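Structural features, examined
Residue-level listing of the chains:
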Amino acid sequence: MKPVKKQSISIAGPPGLSAEAKLCFGAAGGCFVLGMIGYAINALATTETTLSAFLVISVFYLMLGVVSLLRAKPEYAVEDAKVLPVNRTTNFETDDYTDEAAA
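Each value, and the rule that gives it
- Residues numbered from 1 in each chain as written.
- Predicted model: local features only at pLDDT ≥ 70, side-chain atom pairs only at ≥ 80, totals over all residues.
- Heavy atoms only, no water.
- pLDDT = per-residue confidence, 0-100.
- Helix = DSSP H or I, 4+ residues; strand = E, 2+ residues; numbered from the N terminus.
- Expected span 1.5 Å × (residues − 1).
- Buried < 20%, exposed > 50% of the residue type's maximum accessible area, 1.4 Å probe, protein only.
- Arc of directions from axis to C-beta.

Predicted coordinates in areas of low pLDDT are best not read in detail. The pLDDT averaged across the protein chain works out to 76; a share of 54% of its residues lies at or above 70. Across the protein chain, the element-wise mean pLDDT spans from 53 in helix 1 (residues 7-12) up to 93 in helix 2 (residues 19-44).

Structure representation (structure tokens):
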């Protein structure tokens, strides 16, 4: 029996990546393709294009994606945040607050 492959992983990348990292790596791939097309046009034709500048832009987006990966929280920190309470509720009716300025 063949293992079932999740469609969301095969199309949008691993689920561990943040949306920001996926966007950066996608932009880097697209810019790399455009840059390579521009580089091929410049190498094979007598006309000059500025599409090869997309190679530099792809490196920039690749660096942004790597920084986004390094900046992301580890999975155990995300799991701990789900377990711990985020906000502490305060019962204002029973708390005794005194106005120090009035004293």
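Here we come to helix 3 (residues 54-71). For helix 3, with 18 residues, the first-to-last C-alpha span of 25 Å sits near the 26 Å given by 1.5 Å per residue. For helix 3, the complete set of buried residues consists of Ser-58, Gly-65 and Ser-68. The buried residues of helix 3 occupy one face: seen down the axis, they fall within an arc of 80°. Along helix 3, the residues that are exposed and aim more than 90 degrees away from the buried face are Val-56, Leu-70 and Arg-71.

This brings us to the environment of Gly-30. Relative to the assigned elements, Gly-30 resides in helix 2. As a C-alpha pair, Gly-30 and Ser-58 span 28 residues in sequence and 7.7 Å in three-dimensional space.

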